[in-house]
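# Survey of secondary and tertiary structure
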Amino acid sequence: MKLFRKALTIIAIITLFGQTAFAQSFSQKDFSKAQVTIKYFDRTIYYPGESEANPVQIHVTIKNNGTETLRFKLADDKAFSMDFQVYTVKNNILPQTERIIEKRTTNQTVYFREIALEYGEEYSFVENLKDFVDIKDPSVYYVELSFYPELFKSKYIELTSNRLTLEVRPAPNAVSSTYIPVESKTSAILTPQEISPDKVVEQTIIARQKSLWDQFFLYMDVESLLKKNKSLKQKYNTASAEERERMLDAFKADMMQSRYDNDIIAIPEKFEIVKTSYSPVEGTVLVTEWFKYPNFYEKKNYTYKVRQYEGIWQIYDYTVVNLGTE
């Protein structure tokens, strides 16, 4: 009996030592000087779904900011080395793709290699965000990366990246035949040009007809439009700079999903610029717009108010007058 108890004591000591040694083996690896950053690899216009046809390519970089050699494991299949968290403007997290869930719940061998970085060295790779997260709706999102230097099964060791803002546009359609010079593979079109107020309004309306939200917001003073709402204006004026940025993103997301300000985002079947008048700094553009219904057209006059900022005209306000039906 005494021998049995002694044996149990020895086994318990060995087990405790083994657990302690296991914990120390991880604690000896210091990842406090490791930095993970993300950025867009080849930024373009993003739409929901279509992982292969319209990927969101993210450039991931792991950097050693410490004086000691940084060693970490990197799986050949990055699903076992990292996670993307995509947040809505209401701070809800989008679900993972079925492909990722299936991989992690299936018994399989995970092949990996150990990467060693000296002081100041970096290791980078590119992954498609849509392979990890299911993005079904157009909106404004926030993207973060969690990197697991000891692989997914050791998730308690986690490195968190910076945050990116992701704008997902509704899938384009061909409502209008009027042409806007748009290069869909680059964000260069997001640079506003020194064009006249009537051209600003014309391109904005056509962009809305084509669901080209980047073009729609290009000449739009979103902050001024937000302040048309008294409750939002009061909250915005007392908010921090970071919170203001979030409010503007949320306001744009609400407009994109038709949750706010239906007049400015309504899609006319056709339109006609009636009158343009402006001084060196401010102006108005009167536009008649027709909205198609099954058996009639609704006709409205839009007066867009514009002002110039550093040579660029922007829409900062508008009024609408109903003209009846046709």
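Residues numbered from 1 in each chain as written. Predicted model: local features only at pLDDT ≥ 70, side-chain atom pairs only at ≥ 80, totals over all residues. Heavy atoms only, no water.

## With respect to the overall build of the protein
In terms of helices and strands, the protein carries 8 helices and 13 strands. Across the 326 residues in the protein, those meeting the buried criterion constitute 42%. Partitioning the intrachain contacts of the protein with sequence separation of at least 6 by distance along the chain shows that 67% fall at a separation of at least 24. When the accessible area of the protein is evaluated, it comes to approximately 18,600 Å², of which 50% is carbon and sulfur surface. (Helix = DSSP H or I, 4+ residues; strand = E, 2+ residues; numbered from the N terminus. Buried < 20%, exposed > 50% of the residue type's maximum accessible area, 1.4 Å probe, protein only. Contact = heavy atoms within 4.5 Å. Areas by Shrake-Rupley, 256 points an atom, 1.4 Å probe, with all protein chains shown as cover.)

## As for the environment of Ala 266
Looking at where Ala 266 falls in the secondary structure, it is placed in the loop between α8 (262-265) and β10 (270-278). Considered as a pair, Ala 266 and Phe 291 are 25 residues apart in the sequence and their alpha carbons are 8.3 Å apart. Excluding anything up to four places from it in sequence, Ala 266 contacts Arg 208, Phe 291 and Tyr 302.

## Comments concerning the packing of helix α6 (residues 230-237) against helix α7 (residues 241-256)
Interaxial distance between α6 and α7 falls to 9 Å at its minimum, and their mutual angle equals 155°. With respect to their mutual orientation, α6 and α7 come out roughly antiparallel. Both α6 and α7 take part in a crossing whose hand is left-handed. Of the residues in α7, those touching α6 at Leu 232, Lys 235, Tyr 236 and Asn 237 are Arg 244, Met 247, Leu 248 and Phe 251. Grouping the constituent residues of the contact of α6 with α7 by class yields 5 nonpolar, 1 polar and 2 charged. (Axes fitted to C-alpha atoms, helices over the stretch in contact; angles between N-to-C directions. Parallel < 35°, antiparallel > 145°, perpendicular 65-115°, else oblique. Left-handed = near helix turned anticlockwise from the far one by under 90°. Nonpolar A, V, L, I, M, F, W, Y, C, P; charged D, E, K, R; others polar.)

## Details of the sheet that holds strand β11 (residues 282-292)
Strand pairing in a sheet takes place through backbone hydrogen bonds and is either antiparallel or parallel in direction. If you walk across this open sheet you meet the 4 strands as β10-β11-β12-β13, and the pairing is antiparallel. Only two strands of the sheet have a single neighbouring strand rather than two, namely β10 and β13 (312-325). Strand after strand, the sheet turns through a mean of 20° between neighbouring axes, direction not considered. Judged from the 11 bridges that link them, strand β12 (residues 297-309) and β13 form a sheet pairing that is antiparallel. Bridge pairing in β13 places Arg 307 opposite Gln 314. Of the strands in this sheet, β10, β11, β12 and β13 touch helix α3 (residues 197-209), which is tilted by about 155° from β10. (Pairing = 2+ DSSP bridges.)

## Remarks on the confidence of the model for the protein
With 85% of its residues at a pLDDT of at least 70, the protein reaches an overall mean of 83. Here residues 173-189 scores under 50 on pLDDT; set against residues more than four positions off or in separate chains, the count is 31 contacts. (pLDDT = per-residue confidence, 0-100.)

## Overview of the nonpolar core
Membership of the largest hydrophobic core comes to 38 residues, with the highest contact counts inside it found for Ile 58, Ile 62, Phe 72, Phe 84, Leu 129, Phe 147 and Leu 166. Mapped by element, the contributors of at least two residues to this core are β1 (34-40), β2 (57-64), β3 (70-75), β4 (82-87), β5 (112-117), β7 (139-147) and β9 (164-168). Residues Val 222, Tyr 236, Met 247 and Phe 251 belong to the second largest nonpolar core, which totals 33 residues. (Core = buried A, V, L, I, M, F, W, Y, C linked by side-chain atoms within 4.5 Å.)

## Let's talk about the sheet that holds β2
Pairing in this open sheet of 3 strands is antiparallel, and the strands run β1-β2-β6 from one edge to the other. The sheet is open, and its two borders are formed by β1 and β6 (122-128), each paired with just one other strand. Recorded for the sheet is a direction-independent mean angle of 20° between the axes of neighbouring strands. Where β2 meets β6, 7 bridges bridge the pair, whose relative direction is antiparallel. Across the sheet, residue Ile 62 finds its bridge partner in β6, namely Tyr 123.

## Examining the side chain of Lys 252
When you line up the elements, Lys 252 lands in helix α7. For Lys 252, the contacting residues outside a window of four places in its chain are Glu 167, Phe 217 and Val 222.

## Concerning the side chain of Lys 103
Inspection of the secondary structure assignment puts Lys 103 in helix α2 (residues 98-105). Residue class for Lys 103 comes out buried when judged on its relative accessible area of 18%. With near-sequence residues (within four places) excluded, Lys 103 lies in contact with Asp 77, Ala 79, Phe 80 and Gln 108.

## Description of the packing of aromatic side chains
What characterises a pair of aromatic rings is the spacing of the ring centres plus the angle enclosed by the ring planes. Inspection of every chain in the model, using the stated rule, returns 13 aromatic pairs. Their ring planes at 50° and their centres at 6.4 Å tell us that Tyr 123 and Phe 125 sit as a pair that is tilted. Taken together, the ring pairs connect Phe 291, Tyr 302, Tyr 304 and Tyr 318 into an aromatic cluster. Sitting above the plane of the Phe 125 ring, Lys 78 keeps its charged end 5.1 Å from the centroid. The cationic tip of Lys 270 hangs over the ring face of Trp 290; the distance from NZ or CZ to the ring centre is 5.2 Å. (Phe/Tyr/Trp six-rings, centres within 6.5 Å; stacked < 30°, edge-to-face > 60°. Lys NZ or Arg CZ within 6 Å of the ring centre and 35° of its normal.)

## Thoughts on the environment of Thr 160
Relative to the elements of secondary structure, Thr 160 occurs in strand β8 (residues 159-160). Here Thr 160 falls in the partly exposed class, since its relative accessible area comes to 47%. Along the backbone, Thr 160 and Phe 84 are 76 residues apart, and their C-alpha atoms lie at a distance of 9.9 Å. Leaving out residues up to four positions away in the same chain, Thr 160 has contacts with Val 36, Glu 144 and Leu 145.

## What to know about the pairing of β4
Within β4, 6 of the 6 residues are buried, which leaves the element mostly enclosed by the surrounding structure. Neither face of β4 is exposed, since Met 82, Phe 84 and Val 86 on one face and Asp 83, Gln 85 and Tyr 87 on the opposite face are all buried. Pairing analysis gives 6 bridges linking β4 to β7, with the strands arranged antiparallel. Its bridge partner lying in β7, Met 82 is registered against Phe 147.

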